Amino acid sequence: MKAMRYRIKVGSLNDIPERLGKTVKIGPNEIAIFRLANGDIRAIENRCPHKGGVLAEGMVSGEYVYCPMHDWKINLKDGKVQAPDFGCIKTYETEIQNGEVIVIL
Amino acid sequence: MTKQKLVLVGNGMAGVRTIEEIIKLAPDRFEITIFGREPYPNYNRIQLSKVLQGDTSIKDITINDWQWYEDHQILLYPGETVINIYPEDQLVFTSKGRKVQYDKLILATGSLPFMLPIPGANKEGVTAFRDIKDCERIIEYSKMYKKSAVIGGGLLGLEAARGLLNLGMEVSVVHLGDYLMDRQLDKTAGKLLQKELELQGMKFYLEKQTKEILGDQKVKGLRFHDGQEIPVDLVVMAVGIKPNIQLAKESGIPFNRGILVNDWLETQAPNIYAVGECAEHRETVYGVVAPLYEQGKVLAKRICGKESLPYKGSAVSTQLKVSGVDVFSAGEIFENEQIKTIMSYDDYRGIYKKILIRDGKIIGAVLFGDTGEGNRLFNLIKKEADIFEYTLSCRNEQNGCSLVATIADEEIICGCNGVKKGTIVNAIQSQGLTTVEQVKGYTNASRSCGGCKSSVADLLEYTLGDQFKRQEQNEPICSCTTLSRDDVIKEIREKVLTMTMEVMRVLNWKTEDGCSKCRPALNYYLGMLHPLLYQDERESRFVNERLHANIQKDGTFSVVPRMYGGVTNAEELRRIADVAEKYNVPLIKLTGGQRIDLVGVKKEDLPSVWADLGMPSGFAYGKSLRTVKTCVGDTFCRFGTQDSIAMGIRMERKFQRISMPHKVKMAVSACPRNCAESGIKDLGVVGVDGAWEIYVGGNGGTHLRAGDLFCRVKTQEEVLEMAGAYLQYYRETAHYLERTSIWVERLGLEHIKSILADKDTRQALNERLDETLSVLKDPWQETINSGEIQKELYKTVNIPVDIK
Ligand code: SRM
Ligand SMILES: Cc1cc2nc3c(=O)[nH]c(=O)nc-3n(C[C@H](O)[C@H](O)[C@H](O)COP(=O)(O)OP(=O)(O)OC[C@H]3O[C@@H](n4cnc5c(N)ncnc54)[C@H](O)[C@@H]3O)c2cc1C
Ligand code: SF4
Ligand code: FES
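Residues numbered from 1 in each chain as written. Chains lettered and ligands numbered in written order. Predicted model: local features only at pLDDT ≥ 70, side-chain atom pairs only at ≥ 80, totals over all residues. Heavy atoms only, no water.

1. Notes on the overall build of chain B
In step 1: Scanning chain B from N- to C-terminus turns up 28 helices and 37 strands.
In step 2: Split into buried and exposed, the 804 residues of chain B put 54% on the buried side.
In step 3: The long-range share in chain B, meaning contacts at least 24 apart out of those at least 6 apart in sequence, stands at 61%. (Helix = DSSP H or I, 4+ residues; strand = E, 2+ residues; numbered from the N terminus. Buried < 20%, exposed > 50% of the residue type's maximum accessible area, 1.4 Å probe, protein only. Contact = heavy atoms within 4.5 Å.)

Here is the structure:
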């Protein structure tokens, strides 16, 4: 059976400050939502694969976030950690509907 | 012309260096494919020792990053092993089922660490020390366990052991011989080394053969042949390496200990070459990079069809990369009837030197304690120089000529990369190089083990004279730009730039939106240059400075309110206690800065914790003034000569909240006993009878440095005036993230003194500082007052749903 997909409203676009992250807890899942400089929204798992740094607090630069703990650089689109570090985190699809941000789980 | 297909197996140090040489000789001749078993771009294996010792990080040891492969149109398959070669069809076959045709094939598969075939060697907690993976595994282990053992007291073993100590583990080194590094040192030097390392905290088991590794699944201990057992949780095997010849073996390419090559690095199979630690040349297999790079040069010429002299083998030298211990050895080190020695031993300073001479020629040397002569001796050994040449150069030095000035142009400065003095001096002059980084980029000097960095710096200084020091500031601020800090500041001023985005766009940044290095730096520079106009960009601040609290490893924060001069009162303490109870603060701690830390506060609670405390932010998270520690002073202490508490409080109130290039710490003591530790502060004040002494550039942190006496003044007002001018000069001239201790050394104490000696200059600096101060507010209060800030930065969204 194909897993169910949930569409979850996490708040209005205006509540997410530009070039900053926001922590969203949806049930047991902790997700970091970012609004990039170009207006796009990205959603990723909120924990760094290195030592669990909180990614929502990282510095956002273009399509990347730098983990606040030890500065790993992570691509917000595909979740890949940039070389020379290694690893990957989960990314979530997002949509914007009538100014509301929706995360698809 | 269609390109020839060149395939390299092994993305390591020797192989990739050979490719670099080939690209230099014939940039367009080959279509290059590289297979590397490790999932990283080409990195500096040598520096793994430094990574383990905490001096550098894995991401800083990359030699050629992914971009380099792209720039040279090299197809790299990282994490892919070549498992077979079919020489007749000129094909290689990989672990991922890929088949690739070659016209020329280079094998550079390096070595494998030798693992003792003893019972228990496959238990969890036994590791080699060869690659990034090993290094990470060791670091992981060090966090969970306390006791470690290194088997093998050679170079690699001792470097690993030093790393383990730095990682906080207890370390036992087990060694078969009766003294350490017995292949590179004589017994005297080996014993000196042992004494030094024992002082550093290592424990040694000499003349011990390990018989068995104990434990169930995990390592529990070691048992030696004599029956003795020691408990350990981690075992690093560093007993030697063996050339990695498996691929050659399977593919029918002749080998002995290593893959057999001739003087042109050709194997006995057509169009297949071998280079590096996997190759055996004239019955020798090498284990350090200098000879491998020489091989690479010869091979590159051969493959490109250029004339070259044959490779005839190399002399090697070794140096131990353990801080605080200087050891050097080269050539033959054991005396016999035909060999005479020059020896000196300074027991008091722990300096030992032995030079070995046969038929009047220098053939080897061992140095302990002072290895400054290492390179020169190595050069003399390589050309089998007359001992007379050595004694002569010693005399020159005593006459006051600097070492780099006296040596000949063809002498080698960088042993690893074989770079001669003449080449470096030439490059500096013809290319206008001004920094060690640039020399490294242009000539390869200091690119591998880094041991010759100081000689390269000496050469820069010798070639450029005074210009060198000033020029040093010209490093780009990060890899997003080629501009240095000074260039950027100049442009910001001239073009009147006012936002980080604008700076990056106008100055042609290579990245769209900067990185975690340049963004905070630009934010600082802009704020420093336009104190009244600039709107601080919180998104360009590191989390701590954005949220005004220190992030903890679990994502909670710490709260450190100001306690000016380390002075508090009962009412304040009561409020702190109440807050701690109300918010269930897990840890209340006295900091090293004379105040109280509430550790483990949830982010959402921060604004109300601050409101309930009713105290201003202590900026314990900021590139800003941290604390002003004070001692008891003359109101109570029997030795006190001045009111240190009042002085300290005035300083803390005056200089708090200003953005600085790095954090700034201060202290005021009331007599030279210096109970507030003013001697290791960015700015320390010591009261003496009728005067205040000001010390600068002290640091009690990573790079311990005692402050220098800057001046003596009479009154508290003069202290504030001098301190203000000093801080503003630091703000205006330091690189972002440069502590005063480094800055003072870069600019020179005398230079700073001479600038601040002028009263008008001081006044102008203080005016600019006061301007900055005039608009600063307490950030905690600002947050408490602004619902907007609270919502944007401190609120987490909680959606209670049930999802499986
Ligand atoms: C809280 C405190 C330890 C304590 O409980 O005593 C502390 C805690 C931290 N120090 Fe420190 N330092 C503390 C006093 C010191 C001192 C002693 C002093 O100030 O008298 C030093 C050496 C003195 C010096 O700096 O010259 C010190 C040298 C460092 C360094 C090395 C700085 C350097 O330039 O060498 C760092 C790393 C850095 O800043 O890059 C650091 C960084 C840190 C950080 C902020 C690490 C981080 O970035 O997360 C620590 C936060 C821990 C946490 O989880 O909250 N801490 N740190 C002390 C706070 C003092 C205060 O009241 O503000
Ligand atoms: C901790 C440490 C400290 C050191 N310190 C020094 C020092 O101070 N000075 C010094 O001169 N030397 C030092 N060395 C030695 C130096 O690192 C080596 O001499 C050098 O790296 C050898 O280069 P290489 O290219 O022959 O082998 P390597 O650098 O090991 O490269 C070989 C690469 O080939 C890959 N490979 C192997 N087989 C295959 C295959 N079939 N398919 C694809 N890929 C394959 C391997 O995974 C490896 O990445 C040190 C080594 C270590 C481990
Ligand atoms: S508080 Fe300071 S010394 Fe202690 S672990 Fe953190 S950074 Fe290191
Ligand atoms: S936890 Fe993210 S870099 Fe270490």
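Having seen it, we continue.
2. Details of the interface of chain A and chain B
In step 1: Counting residues at the interface gives 37 residues for chain A, matched by 44 residues for chain B.
In step 2: When the two sides are added together, the surface that chain A and chain B hide from each other amounts to roughly 3,300 Å², 55% of it contributed by carbon and sulfur.
In step 3: It is Arg19(A), Glu57(A) and Met59(A) that lose the most area in chain A upon contact with chain B, and together they represent 21% of the buried surface on that side.
In step 4: Between chain A and chain B we count six salt bridges in total.
In step 5: As a salt-bridge pair, Lys59(B) and Asp71(A) come within 3.8 Å of each other at their nearest N and O atoms.
In step 6: The interface formed by chain A and chain B contains 18 residue pairs in polar contact (both at pLDDT 80 or more). (Buried area = accessible area lost by both parts, 1.4 Å probe. Salt bridge = Lys/Arg side-chain N within 4 Å of Asp/Glu carboxyl O. Polar contact = N/O pair within 3.5 Å; in protein donor to acceptor, adjacent residues only side chain to side chain.)

3. A short note on the environment of Gly11(A)
Residue and element names in this part refer to chain A.
In step 1: Following the sequence through the fold, Gly11 ends up in strand S1 (residues 7-12).
In step 2: Spatially, the C-alpha atom of Gly11 lies 9.9 Å from that of Val103, the residues being 92 residues apart in sequence.
In step 3: Dropping the residues within four chain positions of it, Gly11 is found in contact with Gly99, Glu100 and Val101.

4. Notes on the pattern of salt bridges
All names here are of chain B.
In step 1: According to the stated counting rule, one finds 56 salt bridges over all chains in the structure shown.
In step 2: Residue Glu140 pairs with Lys143 through a salt bridge whose shortest N-O separation is 3.8 Å. Taken together, the residues Glu140 and Lys143, both in helix H4 (residues 132-144) and three residues apart, mark about one turn of the helix.
In step 3: On the accessibility criterion, Lys143 (46% relative accessible area) is partly exposed.
In step 4: Residue Arg376 is joined to Glu373 by a salt bridge in which the shortest nitrogen-to-oxygen separation is 3.4 Å. In this structure, Arg376 and Glu373 share a single accessibility class: buried.

5. Details of the site of ligand 2
All names here are of chain B.
In step 1: Taken together, 32 residues surround ligand 2, and among them Ala14, Glu38, Arg130, Glu277 and Lys321 come closest.
In step 2: Within the side chain of Arg45, one N or O atom sits 3.0 Å away from an oxygen atom of ligand 2.
In step 3: Protein burial of ligand 2: of its 990 Å² of free accessible surface, 93% is covered by the chains.
In step 4: Elements with a minimum of two residues in the shell around ligand 2: helix H1 (13-25), strand S2 (30-36), helix H5 (155-166) and helix H8 (289-303). (Near = heavy atom within 4 Å. Areas by Shrake-Rupley, 256 points an atom, 1.4 Å probe, with all protein chains shown as cover.)

6. Considering the sheet that holds S2(B)
Adjacent strands of a sheet form backbone hydrogen bonds with each other and so pair up, either parallel or antiparallel.
Residue and element names in this part refer to chain B.
In step 1: The sheet built from five strands is open, its strands ordered S3-S2-S1-S7-S19 with parallel pairing. What marks the edges here is a single partner per strand, and that holds for strand S3 (75-78) and strand S19 (272-274). Each strand axis lies, on average, 15 degrees off the axis of its neighbour in the sheet, ignoring direction.
In step 2: In this sheet, S2 lies alongside strand S1 (residues 4-9) in parallel orientation, the contact comprising six bridges. Counted as the bridge partner of Val9 is Phe35 from S2.
In step 3: Helix-sheet contacts for H1 involve S1, S2 and strand S7 (104-107), and the interaxial angle to S1 is about 155 degrees. (Pairing = 2+ DSSP bridges. Axes fitted to C-alpha atoms, helices over the stretch in contact; angles between N-to-C directions.)

7. Details of helix H16 (residues 485-495) of chain B
Residues and elements named next belong to chain B.
In step 1: When we look at burial in H16, the residues that qualify are Arg485, Val488, Ile489, Glu491 and Ile492. Down the axis of H16, the sector holding all buried residues measures 160 degrees, keeping them to one side. Opposite the buried face of H16, by more than 90 degrees, sit the exposed residues Arg493 and Glu494.
In step 2: At the C-terminal side of H16, Val496 shows a positive phi close to 50 degrees. (Arc of directions from axis to C-beta.)

8. Observations regarding a positive patch on the surface
Residue and element names in this part refer to chain B.
In step 1: There is a patch of like positive charges on the surface, built from Lys297, Lys301, Lys382 and Lys420.
In step 2: Within the element layout of this structure, Lys382 appears in helix H9 (residues 374-382).
In step 3: For Lys382, a relative accessible area of 34% translates into the label partly exposed. (Patch = residues over 30% accessible without salt bridge, like charges linked within 9 Å, V, L, I, M, F, W, Y side chains within 5 Å. Lys, Arg positive; Asp, Glu negative; His and termini not counted. Charge placed at Lys NZ, Arg CZ, Asp CG, Glu CD.)

9. Some thoughts on the nonpolar core
If you look at soluble globular proteins, the nonpolar side chains tend to sit buried side by side.
Residue and element names in this part refer to chain B.
In step 1: Ile19, Ile85, Val92, Leu105 and Leu107 are the most contacted members of the largest nonpolar core, which has 50 residues in total.
In step 2: In this view, Ile85 contacts Leu91, Val92, Tyr102, Leu105, Leu107, Leu247, Ser251, Ile253 and Ile272; residues no more than four positions away in its chain are not counted.
In step 3: With 43 residues, the next largest nonpolar core counts Met181, Leu185, Leu320 and Tyr352 among its residues. (Core = buried A, V, L, I, M, F, W, Y, C linked by side-chain atoms within 4.5 Å.)

10. Quick notes on the sheet that holds strand S25 (residues 361-368) of chain B
Residue and element names in this part refer to chain B.
In step 1: Strand order in the open sheet formed by five strands is S21-S22-S25-S24-S23, and the pairing between neighbours is antiparallel. The sheet is open, and its two borders are formed by strand S21 (317-319) and strand S23 (339-346), each paired with just one other strand. For this sheet, the mean inter-axis angle between neighbouring strands, taken without regard to orientation, is 15 degrees.
In step 2: The sheet contact formed by S21 and strand S22 (residues 327-331) spans three bridges and is antiparallel.

11. Describing the confidence of the model for chain B
In step 1: Residues at a pLDDT of 70 or more form 97% of chain B, whose mean pLDDT is 92.
In step 2: Complex prediction metrics read pTM 0.56 and ipTM 0.70. (pLDDT = per-residue confidence, 0-100.)

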